[in-house]
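# Descriptive structure summary
What follows is the residue order along each chain.
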Amino acid sequence: MLLHTIAEVREQVKEWKKQGLTVGLVPTMGALHNGHKSLIEKSVAKCDKTVVSVFVNPIQFCPGEDLDKYPRTLDEDTKLCDTIGADIVFAPSPAEMYPDAQMLSNDFLTYVIPPFFYVNKLCGKSRVGHFDGVCTVVNKLFNIVQPDFAFFGEKDRQQLIILKKMVKDLNIPVDIIPCPIVREESGLALSSRNKYLSANGKKEALVLSKILNNIKICYNKGIKDINALKETAYSMLNENHSLEYLEFRDKNNLEEKETADSDTIVFIALRVEDVRLIDNIEL
Ligand code: AMP
């Protein structure tokens, strides 16, 4: 069932809650691929009812980012959700979510601001304000849908850690369910933004997963020194790759690691054909 308004979703969820049914929420920006599909399948398996939100959230895009050209494929997305067994596709307009255009400025809109320590690093460093937009819209979706469970991909690991922190700090009554990264056979992590890459760009983009896998192999062989592990990565880069960061951080609180251990996540962001790609691996 495709719904566009908050009132319709609330009404439906109210019915379900009356019947004592559990509700799962899968927040997305659409252009659904097998990564999203795996989250929706998890929700359908775990919960009595599943809501998939499809909303390209303007307040999480920074100036100069791809808000206008972000792929929008609602018809296909709705069909996929139906096939998997989702109960509602909630696709609000920007005006439904942010009724006053002027509210897109944080002079006028109430924002949920995650802690500085969590956002002043990794993607938050180049995408200033991005996680404010994410936390704000996810909070709104939680208030609209009131899910028992919400499903997020480990592909966006910093986002997942920040959202877990938000739920804990604000006592939001929802269980966050992390879902593993879905990859192409080649190793490339699925992303709606892969659509921007040429065939050759897709080949060049394999360097992210190759670097991460190689670091994990070296770590398993006993190399724990982070500089030595980073060196193995640098030698795999060429002029088609513009590295934004390669960092070793604690999986619980994003603190920088001094030596690699089993609590470490390796994060990478780099540009291929000016498309910003991210990936990560747990050691
Ligand atoms: P997006 O539509 O990019 O905002 O993503 C919606 C949700 O799908 C987020 O929780 C993402 O982490 C998750 N997701 C995106 N790509 C993947 C992937 N390749 N594997 C697993 N989850 C993913």
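Residues numbered from 1 in each chain as written. Predicted model: local features only at pLDDT ≥ 70, side-chain atom pairs only at ≥ 80, totals over all residues. Heavy atoms only, no water.

A few words on the packing of aromatic side chains. Counted under the stated rule, the structure contains three aromatic pairs. Look at Phe-55 and Tyr-98: their rings are 6.2 Å apart centre to centre, the planes differ by 40 degrees, and that puts the pair in the tilted class. Of this pair, Phe-55 sits in the loop between β3 (49-54) and α3 (74-84) while Tyr-98 sits in the loop between α4 (94-97) and α5 (116-119), placing them 43 residues apart in sequence. Per residue, the accessibility class of Phe-55 equals that of Tyr-98, and both read buried. Ring geometry for Phe-117 versus Tyr-118: centroids 6.1 Å apart, planes at 75 degrees, classification edge-to-face. (Phe/Tyr/Trp six-rings, centres within 6.5 Å; stacked < 30°, edge-to-face > 60°. Helix = DSSP H or I, 4+ residues; strand = E, 2+ residues; numbered from the N terminus. Buried < 20%, exposed > 50% of the residue type's maximum accessible area, 1.4 Å probe, protein only.)

Turning our eyes to something else, we now look at the site of the ligand. The environment of the ligand is made up of 16 residues, and the closest members are Met-29, Gly-153, Asp-156, Val-182 and Leu-190. Between the ligand and the protein, one listed contact pairs an oxygen atom with a backbone N or O atom of Gly-153 at 2.9 Å. Interatomic distance of 2.9 Å between a backbone N/O atom of Val-182 and a nitrogen atom of the ligand. In the complex, the protein chains occlude 92% of the 480 Å² of accessible area that the ligand would expose alone. Going through the elements one at a time, β2 (23-28), α2 (34-46) and β5 (149-153) are the ones with two or more residues in the shell around the ligand. Of the residues assigned to the shell around the ligand, the class counts are nine nonpolar, five polar and two charged. (Near = heavy atom within 4 Å. Polar contact = N/O pair within 3.5 Å; in protein donor to acceptor, adjacent residues only side chain to side chain. Areas by Shrake-Rupley, 256 points an atom, 1.4 Å probe, with all protein chains shown as cover. Nonpolar A, V, L, I, M, F, W, Y, C, P; charged D, E, K, R; others polar.)

On to the environment of Val-272. With respect to the helices and strands, Val-272 occurs in strand β8 (residues 264-272). Residue classification places Val-272 among the buried residues on the basis of a relative accessible area of 1%. Sequence separation between Val-272 and Val-207 is 65 residues; the distance between their C-alpha atoms is 9.8 Å. Ignoring sequence-local partners within four residues, the contact set of Val-272 consists of Leu-197, Gly-201, Glu-204, Ala-205, Asn-240, His-241 and Leu-277. (Contact = heavy atoms within 4.5 Å.)

Before going further, it helps to examine the sheet that holds strand β4 (residues 88-90). What links the strands of a sheet is backbone hydrogen bonding, and the strands pair in either a parallel or an antiparallel sense. The parallel open sheet is built from six strands, whose spatial order is β1-β4-β3-β2-β5-β6. The two strands at the open ends of the sheet, each matched to only one other strand, are β1 (2-3) and β6 (175-179). Pairing between β2 and β3: six bridges, direction parallel. Bridge assignment links Thr-28 to a residue of β3, and that residue is Val-54. Each of β1, β2, β3 and β4 touches helix α1 (residues 6-18); the most contacted strand, β4, lies at about 150 degrees to it. Together, β2, β3, β4, β5 and β6 form the strand contacts of helix α7 (residues 130-145), whose direction differs from that of β2 by roughly 150 degrees. (Pairing = 2+ DSSP bridges. Axes fitted to C-alpha atoms, helices over the stretch in contact; angles between N-to-C directions.)

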